[in-house]
Amino acid sequence: MGYGEMDGCGRCMKYSLFFTNFIIFIGGLIVTGLGIWALVDKIPWIGELVGNDLLTGSVYVLLVGGIVVAIIAFFGCVGAAREIKCMLLTYFIILFLLFVTMLIGGVLGYVFREKLLSTVDREMKSTLRLYDHRQSIRDAWDTTQSTLHCCGVNSWRDWATYGLNVPRSCCREIQPGQRFHCNVGLDTINPSNAYVDGCINGTQIYMQQHAAVMGGAGIAIACLMFLGMIFSCALFKMIE
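Our subject in this report is the structure included herewith. Residue numbers restart at each chain and count upward from 1, following the sequence in its written direction. pLDDT decides what is reported in this predicted model: residues at 70 or higher carry local features, side-chain atom pairs at 80 or more are listed and counted, and totals for whole chains, interfaces and linings draw on all residues regardless. Side-chain calculation: all heavy atoms of the structure are included, whereas hydrogens and water are not.

### Here we look at the environment of Cys 151
Each helix is a run of DSSP H or I of at least 4 residues and each strand a run of E of at least 2, with the numbering of both proceeding from the N terminus. Inspection of the secondary structure puts Cys 151 in the loop between α5 (135–148) and α6 (157–161). Measuring from C-alpha to C-alpha, the distance between Cys 151 and Pro 167 comes to 8.5 Å, with 16 residues separating the pair along the chain. Any two residues having at least one pair of non-hydrogen atoms within 4.5 Å are treated as being in contact. Residues in contact with Cys 151, not counting those within four places in the same chain, are Gln 145, Trp 156, Trp 159, Val 166, Cys 170, Tyr 195, Asp 197, Gly 198 and Cys 199.

### Here we look at the nonpolar core
Working definition of a nonpolar core: buried Ala, Val, Leu, Ile, Met, Phe, Trp, Tyr and Cys residues. They are joined through side-chain atoms within 4.5 Å. Note on exposure labels: buried denotes an accessible area under 20% of the residue type's maximum, exposed denotes more than 50%, and partly exposed covers the range between, all computed with a 1.4 Å probe on protein chains only. Among the nonpolar cores identified, the biggest contains 24 residues, and Leu 17, Ile 24, Val 69, Tyr 91, Met 225 and Leu 235 are the most heavily contacted of them. When residues of this core are traced back to their parent elements, those giving at least two are α1 (8–40), α3 (54–82), α4 (85–128) and α7 (200–238). Considering each element in turn, this core owes the most residues, eight residues, to α7. Formed by 21 residues, the second largest nonpolar core is a distinct cluster that contains Tyr 131, Leu 164, Val 166 and Cys 171.

### Considerations on a nonpolar patch on the surface
Side chains of Phe 19, Phe 22, Ile 23, Ile 26, Leu 29 and Ile 30 sit close together on the surface and give an oily, nonpolar patch of about 540 Å² of accessible area. Mapped onto the elements, Phe 22 comes out in helix α1. In this analysis, a patch consists of residues with relative accessible area above 30% that form no salt bridge, clustered at 9 Å for like charges and at 5 Å for the nonpolar side chains Val, Leu, Ile, Met, Phe, Trp and Tyr. Values of accessible area rely on a 1.4 Å probe in the Shrake-Rupley scheme; residue burial ignores everything except the protein chains shown. Any Lys or Arg side-chain nitrogen found within 4 Å of a carboxyl oxygen on Asp or Glu counts as a salt bridge.

### A few points about unusual backbone geometry
Of note in the backbone geometry, His 149 takes a positive phi value of approximately 55° without being a glycine. Mapped onto the elements, His 149 comes out in the loop between α5 and α6.

### Remarks on the pattern of salt bridges
If the charged atoms of two oppositely charged side chains come close together, the side chains can form a pair. Following the criterion strictly, the structure yields two salt bridges and no others. In this structure, Arg 122 engages Glu 123 in a salt bridge whose closest nitrogen and oxygen atoms are separated by 3.8 Å. Asp 132 is the partner of Arg 138 in a salt bridge, and the nearest nitrogen-oxygen pair spans 3.3 Å. What makes Arg 138 partly exposed here is its relative accessible area of 27%. With a relative accessible area of 44%, Asp 132 lands in the partly exposed category.

Structure follows, in structure tokens:
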């Protein structure tokens, strides 16, 4: 079967591969966008806060994977349209490697989502003690408390428990960049000007939502890539 001489089944396979690759290309761009969104949305800071970089690692895996997938899917479209066997074979091999990468990234997201429930309380209390000793921990807590409008792990009193002053990030914002002075002593705050609820529930929900989105996107793209491998293999065998 030469170029342009395929039967109906061959043409169907060719267009199926082209369409699948187009969807994978769009999906790769979406995953890349989600990875950028997760990084901009302070995922690395949360990872520092809970003492676990698994979710951050999965974000980077999916970000890089999404970019490469979009590029390879583009060439897959060209290979399907031109019926070039060498390009289809190369496409299949690379797609298989990316399939494994994206699947791992997606699974990591869901693994972190489950692991978070059993470790976040302990890890947050552990990092809270280091607030005055490590700048990265300080930044992580300040970002989390400002973003989630919370204070401490279970309540603002956690700071006093460890002999620490309540940070300014626990104070409510008057306007962007300006906060109330809510700390009136080591064991006392002005509750009307401060966030009094702990951060543990908000952090769990925040991380689970991000993990679910990233994990679901990675697994969905991996499934589409699996279809792409099947179609490319079938089309490769039909081209003579």
